[in-house]
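A look at the structure
These are the residues of each chain, in order.
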Amino acid sequence: MTVTHDLIELYGESDALGIGELVRSRQVKASEIVETAIHLVERLNPALNAVVIDTFDLARSLGSGAVGDGPFAGVPFLLKNLGTMWKGTPLTFGTPYLKDFVCTDNSEIVRKLQASGLVPLGRSNTPEYGWCITTEPRLYGPTVNPWNPAITPGGSSGGSAAAVAARLVPLADASDGGGSIRVPASCCGVVGLKPSRGRLSYGPHDADLWFGCIYFLCNSRTVRDTAAYLDVVAGNLPGDPYHAPRPATSWLSGLTERPRPLSIGYTLTAPWGEPFAPEVKAAVENAVALFAGLGHRVEEYDMKTDLQAAWWRYNDIIAVETFTEFAQHAAFVGRPPEETDLQPFNWSMLQYAKTLSATQYSASIGAVRKAGQSIAAELATYDVFLTPTLTQPPRPVGYWSMEDGDRERYLARWSDAAFMFSHNISGLPAMSVPLGMAGDDRPVGIQLVGRHGDEATLLRLAAQAEEADPWSSRRPRICAI
């Protein structure tokens, strides 16, 4: 079929719920939407490098069949090339070591996504094995930021956020072990919610990941798409170790209510590393003024928990868990990884893991859990706590390159993201919303942190901000429309 300019405009201007409604009401065919999305990927992805594995045949097959009446009926999206299992699709984790892996089953989350009507176009680029806040795997090369190709799109869901910002897809699969939903949302000027611990199941393949510190959701352009996506994927399987209370009404329908006057804490102080960049500080102050003007009570508060100490303890856990995961992958590959299989940082993490005793590992687990408890206790007095997503504007491509094999030097650069991992370990829901810009080509995200299980308040507050300071009309340099 011929993809028309009018169809591209309609697709690019619509969010995921809007496209789903167009398909369900038969104003447009799902097959037309799928072909439009494929056309845009083929046209723009060579400049962006956000999509590294295509599943166009699968998308065409699904789009030409019965897409159902789910909220995302016929809506194109991207799977992240990390973790999410969709049966029959390649999944490489961004490393040549796993270049031949094909999913043999579906994740519980994917089963729910399939029921919602989503149509996967392919897999989005990620850093090699994910522990990075840029997206520059040796296997596929770097994803660039659609606002400015010289700066990072963030990571590890960098391909997802870049594709959403460029309007190749209205939303994309994302996951977060230390900011990997929120950092790319900030860098690319889109929405990224990390839900509460226990909100989603790791099943059926895993019972737990990193002691409840890995989270799955999406990157989107609108708050309502994120709320609807959460409605689709939330829930647990029998035996799941973590649970979060579900509200009586759906998160999407809850957006019709505006939040009551909230107590909002905020900080202008970096936990460690460089102070807030002037543009970031200004974005935080502007967000605080916006919320105060909307009737909320705001109060400055600087966190007391030693986040820098917790960061290094957390990386003890990551190193050992990564080593264990590669030992499991070796059963598929037929051999353990060799140094030439991995980028230097990942190899350094595997070597470091071997130096830790069981006692040291156990002590780091205890320290991280205690720090998470301390963070949650500190912030309990506030309905919402506000920080910048990153303390600096997006860094240049290469700044967080995993070609650096000096583990400590590499991890020290993560001070920009000090407010990220802290809520992986606290278990609190945290959401990056695109309320700031540094100049006209460097988005700056604002993070909203809520109480455990209370994504509803974050989503309502974010929707209120979206209405007061709309961001959906902003278009990056590389864009479908």
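Here is a short report on the structure shown in this document. The model shown is predicted, which means the values in this text are computed figures rather than measured ones. (Residues numbered from 1 in each chain as written. Predicted model: local features only at pLDDT ≥ 70, side-chain atom pairs only at ≥ 80, totals over all residues. Heavy atoms only, no water.)

Details of the side chain of Glu-466
Along the polypeptide, Glu-466 turns up in helix 16 (residues 455-468). Among buried charged residues, Glu-466 stands out as having no salt bridge; its nearest opposite-charge side chain is Arg-258, 7.2 Å away. A polar contact of 3.5 Å, which involves the side chain of Glu-466, links it to the backbone nitrogen of Val-223. Beyond its immediate stretch of four places on either side in the chain, Glu-466 contacts Arg-221, Thr-222, Val-223 and Trp-471. (Helix = DSSP H or I, 4+ residues; strand = E, 2+ residues; numbered from the N terminus. Buried < 20%, exposed > 50% of the residue type's maximum accessible area, 1.4 Å probe, protein only. Lys, Arg positive; Asp, Glu negative; His and termini not counted. Salt bridge = Lys/Arg side-chain N within 4 Å of Asp/Glu carboxyl O. Polar contact = N/O pair within 3.5 Å; in protein donor to acceptor, adjacent residues only side chain to side chain. Contact = heavy atoms within 4.5 Å.)

Concerning the pairing of strand 9 (residues 384-388)
Burial of strand 9 is extensive: five of the five residues sit out of reach of the surface. Burial along strand 9 is two-sided: Val-384, Leu-386 and Pro-388 and Phe-385 and Thr-387, pointing in opposite directions, are all buried. Two strands pair when backbone bridges link them, and strand 7 (residues 263-266) and strand 9 are joined in this way by three bridges, in the parallel orientation. Looking at strand 9, one finds that Tyr-266 is bridged to Leu-386. Looking at chain direction, strand 9 and strand 11 (residues 443-450) are connected through five bridges and run antiparallel. By the bridge assignment for strand 11, Phe-385 is matched with Val-449. (Pairing = 2+ DSSP bridges.)

Comments concerning the nonpolar core
Counting residues in each nonpolar core, the largest one holds 151 residues, and the members touching the most others are Phe-72, Trp-131, Tyr-314, Leu-386 and Leu-448. Per-element accounting of this core gives the leading share, nine residues, to helix 3 (residues 30-48). Not counting residues up to four positions away in its chain, the partners in contact with Leu-386 are Ile-264, Gly-265, Tyr-266, Thr-267, Val-284, Ala-287, Val-288, Phe-291, Ile-446, Gln-447 and Leu-448. (Core = buried A, V, L, I, M, F, W, Y, C linked by side-chain atoms within 4.5 Å.)

Just distances and angles here, no functional claims.
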